[in-house]
Amino acid sequence: MKLSLEKQKKIALTLLVVVGVNFGAYWFGIQGLAGKRDSDTKKVEDLKSDIKKRTDEIAGELDSRGKARVFQDYIAIMEKQMPKGKTDTWLDNQMSQILAKHQLQISNPSVKPLDEFTHFLFKDQPYKLVGFQFEFVGELNQIGGFIEDIENNRPLMEVHDLNISAGGGGPSHLHRVVVHFSIVDDQG
Amino acid sequence: MFQINLFYEQQEIQRAKDYDPVRLMIVGGALILLGIGLWAALLYFKMGGLRDDLAQNDAELKKKEKEKADLGQLTDLSKIQGQEMSLRKRIENRVFFATQLDILREIIPTNCQIKSLKVVRAIVVTKESKEIEDKKDPSKKVKVETEKSVPSLDMVVVLFTRGKARLNILQTRDSLEDLFHRNQRLSAWLRQVSNEDASANWNDVTRASQNIFEPKGGGPFEAEFTFKMSFAQKN
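Just so we're clear, the structure is a prediction, and the values are computed from it rather than from any experiment.

Below, the discussion takes up the overall build of chain A. When its secondary structure is counted, chain A shows four helices and four strands. Going from the N terminus to the C terminus, chain A shows its helices and strands as α-α-β-α-β-α-β-β. Against the 2.2 N^0.38 benchmark of 16 Å for 188 residues, chain A shows a C-alpha radius of gyration of 42 Å, more extended than a compact globule. Dimensions along the principal axes, computed over C-alpha positions, put chain A at roughly 145 × 30 × 25 Å. When the 188 residues of chain A are sorted by exposure, 39% land in the buried category. A separation of at least 24 residues holds for 66% of the contacts in chain A among residues at least 6 apart in sequence. Summing over all exposed atoms, chain A offers an accessible surface of approximately 10,600 Å²; the carbon and sulfur share of this is 56%. Averaging the locations of the 24 positively and 26 negatively charged side chains of chain A gives two centres separated by 20 Å.

Have a look at this one:
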């Protein structure tokens, strides 16, 4: 049976329309949905990774806070022992009290800076070393007792320089002591 | 007997109608379209779980972000730790002079007196140069200079003594030297406060000078010995 030209045209047109419609349906329907599924799967993965990141950050922060609390407690205890108010007055007062306990008397007190050591010990830290120099006269055991008292009870203080000389015009068992202490200060 | 199909032409027309390619194509196309529709529906329903997941995770993330924002400013642990460490280090690396004075009192014999004791601190900066691999060209080496700062401590003790004869003075001096070098407490103290690689000989006490004075008017011999101890301190 031979098909007429008109019929042939009709068949070709129908074929084109059917193929076109199905292709369109496949492309926009199936491919579109598959693309959305892939992008949603990726979004879920990204979200999960973001959630994990945030969870880790929160856990890390809580852990850091726990650790920081221990460090801060220690820092707070230490900062309580740092000079309060005017540094030289505070130091003068403290030293006079300790010396009096050992029946010694302070003379020529002065604040002496320790810039080099401050930078060496507390670079980028909110602390500085303050040097405090004074003199007193006493027997060797008194001097030892006084220094021991400071070393045992004042952890932030340290003998920086020390100059002990016997006699100095007075009785030979007495020693003149020029002591230069350093203390950690959080002011400035 | 012959059978004559009188409806042949009509049947032919009907057959042509039934197997009309256009109609068949439309039916086939519609079936394929239906199949695609079913596939799409199945895909869409399957994606339901994914949509729920997306919404759930989105809500979870928002919750976490709020939780994080509620925490406020984040803790700078390294800064706090650095602060604590610098204080702890300062306390742990202190040099205890009371112990040192006690050791001196223990060492020095009764015929000697401490005339002076001087303790002086400084920071010693040493430069080191070493060759490292060049980052740009691994076959070449570049010289890098590094600075090392170590606190140092100098202790100078001047001892005064008297003796009937020069020999007594010299014996006292030798016995002092021996005492410094052999004293266990001094060695332990130095180990505690010195830099690990500071010295192989812990009791490294050297005699810096000696002055022996001749007796005046029949009096005893007098002498001054200066002993020096220098070491790199822990930092």
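From this point, the discussion proceeds with the structure in view.
Residues and elements named next belong to chain B. Of the residues making up helix α6 (residues 184–193), those classed as buried are Leu 186, Ser 187, Trp 189, Leu 190 and Val 193. Each buried residue of α6 sits inside an arc of 165° when the element is viewed along its axis, so together they form one side. Buried residues belonging to α6 abut α4 (97–107), β2 (141–163), α5 (166–182), β3 (205–213) and β4 (221–232).

In this description, an aromatic ring pair is defined by two values, namely the gap between the centres and the angle between the planes. Inspection of the entire model under this criterion finds twelve aromatic pairs over all chains. Judged by centre distance (5.6 Å) and plane angle (50°), the rings of Phe 132 of chain A and Phe 134 of chain A are tilted. Here Phe 132 of chain A falls in the buried class, since its relative accessible area comes to 2%. A relative accessible area of 0% means that Phe 134 of chain A is categorised as buried. Measuring from centroid to centroid gives 6.1 Å for Tyr 44 of chain B and Phe 45 of chain B, while their planes differ by 75°, and the two rings are edge-to-face. Three or more aromatic residues joined by ring pairs form one cluster here, namely Phe 132, Phe 134, Phe 136, Phe 146 and Phe 181 of chain A. The cationic tip of Arg 51 of chain B hangs over the ring face of Tyr 44 of chain B; the distance from NZ or CZ to the ring centre is 4.2 Å.

This brings us to the environment of Leu 162 of chain A. By the element assignment, Leu 162 of chain A lies in strand β3 (residues 157–166). Along the sequence, Leu 162 of chain A and Ile 77 of chain A sit 85 residues apart, while their C-alpha atoms lie 28 Å from each other. Setting aside residues no more than four positions away along its own chain, Leu 162 of chain A makes contact with Ile 147, Val 177, Val 178 and Val 179 of chain A together with Leu 117, Lys 118 and Val 119 of chain B.

Okay, the nonpolar core next. Ranked by size, the top nonpolar core spans 72 residues in total, and within it Phe 146 of chain A together with Leu 87 and Trp 189 of chain B carry the most contacts. Both domain 1 (1–81) and domain 2 (87–186) of chain A contribute no fewer than three residues apiece to this core. What Trp 189 of chain B contacts, discounting residues up to four positions off in sequence, is Val 95, Phe 96, Thr 99, Gln 100, Ile 103, Met 155, Met 229 and Phe 231 of chain B. Counting residues in hydrophobic clusters, the runner-up holds seven residues, among them Leu 33 and Ala 34 of chain A together with Ala 40 and Met 47 of chain B.

This part covers the environment of Asp 204 of chain B. If you trace the backbone, Asp 204 of chain B turns up in the loop between α6 and β3. Between the C-alpha atom of Asp 204 of chain B and that of His 181 of chain B, which follows or precedes it by 23 residues, the distance is 6.9 Å.

Before going further, it helps to examine the interface of chain B and chain A. Residue-level contacts link 66 residues of chain B with 75 residues of chain A. Both sides of the chain B and chain A interface together cover about 6,400 Å² of buried area, and 70% of this is carbon and sulfur. Three residues stand out in chain B for area buried against chain A, namely Leu 87, Arg 90 and Arg 121 of chain B, and they jointly supply 12% of the buried area on that side. In this assembly, chain B and chain A are joined by five salt bridges. Among the salt bridges present, the one from Glu 65 of chain B reaches Arg 54 of chain A, with a minimum N-O distance of 3.3 Å. The tally of links between chain B and chain A comes to 30 residue pairs in polar contact (both at pLDDT 80 or more). Ranked by the residues each element gives to the side of chain B that touches chain A, the list is headed by helix α2 (residues 21–70) of chain B, at 24 residues. Across the side of chain B that touches chain A, the residue classes break down as 34 nonpolar, 15 polar and 17 charged. Pairing of β3 of chain A with strand β1 (residues 112–133) of chain B involves four bridges; the strand directions are antiparallel. Paired with Ser 165 of chain A across the two strands is Ser 116 of chain B, which belongs to β1 of chain B.

Basis of the calculations
Residues numbered from 1 in each chain as written. Chains lettered and ligands numbered in written order. Predicted model: local features only at pLDDT ≥ 70, side-chain atom pairs only at ≥ 80, totals over all residues. Heavy atoms only, no water. Helix = DSSP H or I, 4+ residues; strand = E, 2+ residues; numbered from the N terminus. Rg over C-alpha atoms; globule rule 2.2 N^0.38 Å. Buried < 20%, exposed > 50% of the residue type's maximum accessible area, 1.4 Å probe, protein only. Contact = heavy atoms within 4.5 Å. Areas by Shrake-Rupley, 256 points an atom, 1.4 Å probe, with all protein chains shown as cover. Lys, Arg positive; Asp, Glu negative; His and termini not counted. Charge placed at Lys NZ, Arg CZ, Asp CG, Glu CD. Arc of directions from axis to C-beta. Phe/Tyr/Trp six-rings, centres within 6.5 Å; stacked < 30°, edge-to-face > 60°. Lys NZ or Arg CZ within 6 Å of the ring centre and 35° of its normal. Core = buried A, V, L, I, M, F, W, Y, C linked by side-chain atoms within 4.5 Å. Domains from an automatic or database assignment. Buried area = accessible area lost by both parts, 1.4 Å probe. Salt bridge = Lys/Arg side-chain N within 4 Å of Asp/Glu carboxyl O. Polar contact = N/O pair within 3.5 Å; in protein donor to acceptor, adjacent residues only side chain to side chain. Nonpolar A, V, L, I, M, F, W, Y, C, P; charged D, E, K, R; others polar. Pairing = 2+ DSSP bridges.

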